[in-house]
Each structure stands twice: as C-alpha cells, then as structure tokens.
Amino acid sequence: MIRHGRFGPIEWAAVRRPHPGEDVCGDHPIAVDVGGAAALFGVIDGLGHGEGAAKAAQRAAEVVDEHRSEPLDAVMERCHLALTETRGVAMTLARMDFDTGTMSWIGVGNVAADVVAKHPTGVEVRSSALLAGGIIGYRMPPTLPSHQVPITPGDLLVISSDGIAQHHLDSIDFAANALTIAEELVDRYGRENDDALVLTARHRGAP
C-alpha cells in the first residue's frame, strides 16, 4: 500500500507491506489535515500480524481520525478505551503546526519516530520521540508525556513500525522525494518476519 500527498508545507508519504505470505497488514499509517493549520501523522502497529492486528490498527485509525483536533494525550486515551476488546496496538503520533513551526509528538510502544536532516557527514538526527512503555488497549502508562520540537524547511520526519530494522536512518537519500525515501526504507530494511511500514513527512517550506 502506498499513500502520499501534501498538507501545507509538508510533503508526506506512507509505504507498507504485510508479513511475507499474508494478504493483510497490521501496520496502519495516519496522515490527516487538521483544519488547514496543522497536520497529524502517525503509525499504528497492531500487535503481531494478520487479521487480528489489522482489525486493531484499523479501529485505532478510525478513532484518531474522528478526534484529530484533540490534544495528543486525549487521542491516545480514546484509542485505549476503544481497543479493550482487541489485541491492542503500539502507536506514535506527531502533530505539525504550520504557523508556529513546531511539532508535538507522543508514543506508546515501539513505533520509532525521528526528525532527521541532511548533514555534510551524512544524516543528522535532530530529535527522537520519547516512547512510553505499554500497549494501547491493554496497559497504558500512568502518564503520557508529549514533547515539542521546532521544525524547519528541510527537516524530515520518519516514523516506522518495528517491522523496520534498526539503522534505517543511516542511508537516507535527501535528494529523493518523501515517497521514494519511504519506498527505499521499506525495501531495504523491512523485516521478513513482520509487517512493515514507514511514514515520511518532509518540510518543504511555503507551498
């Protein structure tokens, strides 16, 4: 599955593939406009793979879409309540606010998120999401800290499920567009024993 588009100054893309040999994917991307002034991005990773994982991730995506304008911790709590009868998910959300040039992000479980930029020596990791332990729908941490970072033209947000191997940030081609980067990361770093998803969101400056 491939999705891509642009919200304000942000060019984005999401590429996923199911566990080899299966038809459904338990990883689900989030990319929604928030009133024209912001965009909400994320990756949902249903526990395990197959139909059960896909159903849990789809339900979480529906809740996020319905409550996209609410604070990120409130969205997480709503997902937790909605997923109690599922196997649960890991999820990281990132909201980019265009006017302030800032991004707020929050995560529960092992969905990695990093802001990276081109550097003369390769790739500079400007910031990484602070992920709380737990499973949405089963066990939530007592507090859900959200933190905020500045974003500027050229910055690239990369959110990946745990079906993407470590060190996937080492070989990003910043000359490529968001879609090509996501495709290359899934092709090169997707694990053979799990679903895999990469979402990229690049600040391109004024549209």
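Sequence order as written defines residue numbering, which begins from 1 separately in each chain. With the structure being a predicted model, the display of local features is reserved for residues of pLDDT at least 70 and the display and counting of side-chain atom pairs for 80 or more, all residues being used for whole-chain, interface and lining totals. To get the side-chain values, all heavy atoms of the structure are used, and hydrogens and water are removed first.

Strands here mean DSSP runs of E at least two residues long; helices mean DSSP runs of H or I at least four residues long; both are numbered from the N terminus. The helix and strand inventory of the protein stands at three helices and twelve strands. In terms of overall size, the protein behaves like a compact globule, its C-alpha atoms giving a radius of gyration of 16 Å where 207 residues would be expected to give roughly 17 Å. Dimensions of the protein, computed from the C-alpha atoms along their principal axes, are close to 45 × 35 × 25 Å. For the exposure calls, accessible area comes from a 1.4 Å probe over protein chains only, and a residue counts as buried if that area is under 20% of its type's maximum, exposed if over 50%, partly exposed in between. Among the 207 residues that make up the protein, the fraction classed as buried is 57%. Within the protein, contacts between residues separated by at least 24 positions form 69% of all contacts whose residues are at least 6 apart in sequence. Using a 1.4 Å probe, the Shrake-Rupley method yields the accessible areas, and only the shown protein chains count as cover for residues. Surface accessibility of the protein: about 9,000 Å² in total, with carbon and sulfur atoms responsible for 49%. Counting rule applied: Lys, Arg positive; Asp, Glu negative; His and chain ends not counted. Charge placement uses NZ in Lys and CZ in Arg. For Asp and Glu, CG and CD serve respectively. For the protein, the distance from the average site of its 17 positive side-chain charges to the average site of its 28 negative ones is 2 Å. Using C-alpha atoms as the atom set, the radius of gyration is obtained and then compared with a globule rule of 2.2 Å times the number of residues to the power 0.38. Contact definition: two residues touch when any of their heavy atoms are within 4.5 Å.

Put simply, side chains in a regular strand alternate between the two faces of the sheet. The buried count for strand β5 (residues 89–97) comes to eight of nine residues, which makes it a mostly enclosed element. The sheet contact formed by strand β4 (residues 38–46) and β5 spans nine bridges and is antiparallel. Residue pairing for β5: Asp45 is matched across the bridge by Ala90. DSSP calls a pair of strands paired once it identifies at least 2 bridges connecting them.

Glancing now at the confidence of the model for the protein. Note: pLDDT gives the predictor's confidence per residue, expressed from 0 to 100. Confidence along the protein averages 94 in pLDDT terms, with 99% of residues attaining 70 or more. Taken element by element, the protein is modelled with least confidence in strand β8 (residues 122–128), mean pLDDT 89, and with most confidence in strand β11 (residues 156–160), mean pLDDT 98.

Now for the UniProt feature "domain: PPM-type phosphatase" (unreviewed entry) in the protein. Following the UniProt record, the feature "domain: PPM-type phosphatase" (unreviewed entry) maps to residues 7–203 here. Helix makes up 20% of residues 7–203 and strand 39%, with an end-to-end C-alpha separation of 10 Å. UniProt positions are given in the numbering used here, feature names are shortened, and annotations may be inferred rather than shown by experiment.

As a further point, take the side chain of Ser160. Within the secondary structure, Ser160 sits in strand β11. Polar contact is defined as a pair of N or O atoms within 3.5 Å, subject to the rule that within protein one atom must be able to donate a hydrogen and the other to accept it, and that residues adjacent in sequence are counted only when both atoms are side-chain atoms. Reaching out from Ser160, the side chain makes a polar contact with the side chain of His168 at a distance of 3.4 Å. Every residue in contact with Ser160, bar those within four places of it in the chain, is listed here: Asn110, Val111, Ala112, His168, Leu197 and Val198.

Ordered by their spatial adjacency, six strands build an open sheet running β1-β2-β12-β11-β7-β8, and the pairing between neighbours is antiparallel. Each edge of the open sheet carries a strand with a single partner, namely β1 (2–7) and β8. Shown here is a sheet whose adjacent strand axes are inclined to one another by a mean of 20°, direction ignored. As paired elements, strand β7 (residues 112–119) and β8 share six bridges and run antiparallel to each other. Note on β8: the bridge partner recorded for Asp114 is Ser128. Of the strands in this sheet, β1, β2 (10–17), β11 and β12 (196–203) touch helix α3 (residues 178–189), which is tilted by about 25° from β2. In this description, a line fitted to the C-alpha atoms serves as the axis of each element, helices being fitted only across the stretch in contact, and the angle between N-to-C directions of two axes falls anywhere from 0 to 180 degrees.

Between the first and last residue of a helix there are one fewer steps than residues, each counted as 1.5 Å, and that sum is the expected span. Counted at 1.5 Å a residue, the expected span for α3 with its twelve residues is 16 Å, and the 16 Å between its end C-alpha atoms agrees. Where α3 is concerned, the buried positions are Ala178, Leu179, Ile181, Ala182, Leu185, Val186 and Tyr189. All buried residues of α3 fall inside an arc of 165° around its axis, so they share one side. For α3, the exposed residues set more than 90 degrees away from the buried face come down to Asp187 and Arg188. The inward-facing, buried residues of α3 abut β1, β2, β11 and β12. You can read the cap of α3 off the contacts: a side-chain oxygen lies 3.3 Å from the backbone nitrogen of Leu179, and it is on Asn177. What the arc measures is the spread of directions leading from the helix axis to the C-beta atoms.

The residue Val116 is located in strand β7 in this model. A sequence separation of 86 residues divides Val116 from Arg202, and the C-alpha atoms of the two residues are 9.6 Å apart. Not counting chain neighbours up to four residues away, the residues in contact with Val116 comprise Val123, Glu124, Val125, Arg126, Gly154, Asp155, Leu156, Val158, Leu169, Ile172 and Phe174.

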